[in-house]
Amino acid sequence: MPVITCIDDLKRLYKRRVPKMFYDYAETGSWTEQTFRENTTDFDKIRLRQRVAVDMTGRKTAGRMIGQEVAMPVALAPVGMTGMQSADGEIKAARAAEAFGVPYTLSTMSICSIEDVAAHTTKPFWFQLYVMRDEEFVDGVLERAKAAGCSALVLTLDLQILGQRHKDLKNGLSAPPKLTLPVMMDLATKWRWGLQMLGTRRRQFGNIVGHAKGVGDMSSLMSWTAEQFDPQLDWSKIARIRDKWGGKLILKGILDVEDAKMAADFGADAIIVSNHGGRQLDGAVGAIRMLDPIVQAVGDRVEVHFDSGIRSGQDVLKALALGAKGTYVGRAYIYGLGAMGQAGVTRALEVIHKELDITMALCGERDVADLGRHNLLIPKGFSDGWE
Ligand SMILES: Cc1cc2nc3c(=O)[nH]c(=O)nc-3n(C[C@H](O)[C@H](O)[C@H](O)COP(=O)(O)O)c2cc1C
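Residues numbered from 1 in each chain as written. Predicted model: local features only at pLDDT ≥ 70, side-chain atom pairs only at ≥ 80, totals over all residues. Heavy atoms only, no water.

S.K.: Tell me what's going on with the sheet that holds strand E9 (residues 270–273), and back it up with residues and numbers.
M.R.: Here eight strands make up an open sheet; going across it, the order is E4-E11-E10-E9-E8-E7-E6-E5 and the pairing parallel. The open sheet terminates on both sides in strands that have one partner only, identified here as strand E4 (74–76) and strand E5 (105–106). When strand E8 (residues 249–254) meets E9, the two strands line up parallel, connected through four bridges. Opposite Ile 254, over in E9, you have Val 273 as the bridge partner. (Pairing = 2+ DSSP bridges. Helix = DSSP H or I, 4+ residues; strand = E, 2+ residues; numbered from the N terminus.)

As structure tokens, then:
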């Protein structure tokens, strides 16, 4: 068993063990990938203030996200096709999150269905909704999420039309993969993945198949998005969904102060400052640059969460210090899942937790709730100076 000390170790193993098509699906951004790259490199530009001679005993990473107790303010982000990264991947990730004490968010575009994940977990998870043209489908999936006991709805606003990812087109991304010659040659070296996949019946979009009417090619996320996602999504439609849902609502994909103000006026329980991990608007700023302006504008009216670019506990600390009340990891746990299944997701969470805890101590802090701008050194013009 290799020694895993950081998220990058998991990524290396992940690359070796999971078919190229699905590795590429996760490890990519849209078009030139500028925003995808800058999501991580922008984190590096923020430095931490080292403090000494401060009692560092009795540290606390636990807190709350939308009122829910969490072992650390880090949730698992919704990731489509997780069940293609590892057989029954959504169930494995949800179980790892539950055992660790952090929220798991199930994507609309998951392989395991809402009911399947609920049957294999004991605590409520969160459900992420992509709004479809078909209102009957939307209402049905909301009812199913309610019936499964989901404790929050994460409504994604930044993907009503798909940002192009070149690799997915070139690889012919689909679930399950079509067995072309290049795919078969690749699978020959990924036998562990293949064996596990043969052992499960969950190989299609579990929330959709058998639930959505008149859907064409169900294997392709890309064609389905083009056919089904509602390009007319606006605040009135969001209000309809809020009323149908009736529970906690988190709006995901806010990157602009004006949109954040509208979300706060709207009365969401939380917003997620996010650019979808650099997978949508290529050329948008690294998400961490927008966190401070958004917190300054609406942080007293709505709980502000953050994702996009987090690869370590240090990154989590930086986001919390900039005012986020919660964070999410996407790729960081997918690397773990593809590398080592459920144990790999647990390992990713352990790595991030340890990094957060020790970094907090070295910054002279004992409680994540006390983190703030005073812990950071931020280059001038980091979040402003744009025309
Ligand atoms: C492979 C992949 C699939 C994703 N699928 C979804 C999805 O189905 N729904 C959604 O709201 N966001 C989706 N996202 C975006 C994540 O929820 C999250 O915003 C992003 O991964 C954060 O960036 P990070 O990967 O750098 O942590 C996906 C991200 C990745 C990498």
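There is more to say, and it comes next.
S.K.: An account of the site of the ligand is needed here, citing residue identities and associated values.
M.R.: Looking at the ligand, there are 22 residues lining it, with Pro 78, Ser 107, Tyr 130, Thr 156 and Asp 307 nearest. Residue Gln 128 places a side-chain N or O atom 3.2 Å away from a nitrogen atom belonging to the ligand. The backbone of Gly 309 places a nitrogen or oxygen atom 2.8 Å from an oxygen atom of the ligand. Considering the ligand on its own, with 600 Å² of exposed area, one finds that the protein chains cover 99% of that surface. Split by residue class, the shell around the ligand holds seven nonpolar, 10 polar and five charged. (Near = heavy atom within 4 Å. Polar contact = N/O pair within 3.5 Å; in protein donor to acceptor, adjacent residues only side chain to side chain. Areas by Shrake-Rupley, 256 points an atom, 1.4 Å probe, with all protein chains shown as cover. Nonpolar A, V, L, I, M, F, W, Y, C, P; charged D, E, K, R; others polar.)

S.K.: Describe helix H7 (residues 135–147), naming the residues involved and giving the relevant values.
M.R.: Quick reminder: α-helices carry 3.6 residues per turn. Residues three or four places apart thus point the same way. The first and last C-alpha atoms of H7 sit 18 Å apart over 13 residues, in line with the 18 Å expected at 1.5 Å per residue. Turning to H7, its buried residues are Phe 137, Val 138, Asp 139, Val 141, Leu 142, Arg 144 and Ala 145. Buried residues along H7 sit in contact with helix H6 (114–119), strand E6 (126–129), strand E7 (152–156) and helix H12 (235–245). Its side-chain oxygen placed 3.0 Å from the backbone nitrogen of Glu 136, Asp 134 serves as the N-cap of H7. Positive phi shows up at Gly 149, right after H7, with a value of about 85 degrees. (Expected span 1.5 Å × (residues − 1). Buried < 20%, exposed > 50% of the residue type's maximum accessible area, 1.4 Å probe, protein only. Contact = heavy atoms within 4.5 Å.)

S.K.: Explain unusual backbone geometry residue by residue, including any values.
M.R.: Cis rather than trans, the peptide bond between Ala 175 and Pro 176 has omega equal to -5 degrees. With respect to the helices and strands, Pro 176 occurs in the loop between helix H8 (166–171) and helix H9 (181–188). In this structure, Ala 53 takes a positive phi of about 55 degrees despite not being glycine. Residue classification places Ala 53 among the exposed residues on the basis of a relative accessible area of 83%. Despite not being glycine, Ile 66 shows a phi value in the positive range, around 40 degrees. Considering the arrangement of structural elements, one finds Ile 66 in the loop between strand E2 (63–65) and strand E3 (68–70). Given the relative accessible area of 8%, Ile 66 is considered buried.

S.K.: Go over the pairing of E9 with me, naming the residues and quoting the values.
M.R.: Side chains Ala 270 and Ile 272 of E9 all project onto a buried face; the interleaved residues Ile 271 and Val 273 project onto the opposite face, where all are buried too. Regarding the hand of the β-α-β motif, the stretch spanning E8, helix H13 (residues 257–266) and E9 is right-handed. Sheet topology note: the E9/strand E10 (residues 303–306) ladder contains four bridges and is parallel. Its bridge partner being in E10, Ile 271 is matched across the sheet by Val 304. In this region the chain leaves E9, passes through helix H14 (residues 287–298) and returns to the parallel neighbour E10; the handedness of that crossover is right-handed. (Right-handed = clockwise from strand over helix to strand, strands pointing away.)

S.K.: Explain the pattern of salt bridges to me, and be specific about the residues and the numbers.
M.R.: Tallied over the full model, the rule gives 26 salt bridges. Residue Asp 9 is joined to Arg 12 by a salt bridge in which the shortest nitrogen-to-oxygen separation is 2.5 Å. Of this pair, Asp 9 and Arg 12 are both found in helix H1 (residues 7–17), three residues apart, which corresponds to roughly one turn of the helix. Using a relative accessible area of 14% as the deciding quantity, one classes Asp 9 as buried. The partner of Lys 20 in a salt bridge is Asp 24, with the nearest N and O atoms 2.6 Å apart. Of this pair, Lys 20 and Asp 24 both sit in helix H2 (residues 20–26), four residues apart, which is roughly one turn of that helix. The partly exposed category is assigned to Lys 20, whose relative accessible area is 45%. Each of the salt bridges in this network shares a partner with another, and the network as a whole consists of Asp 88, Asp 116, Arg 201 and Arg 202. (Salt bridge = Lys/Arg side-chain N within 4 Å of Asp/Glu carboxyl O.)

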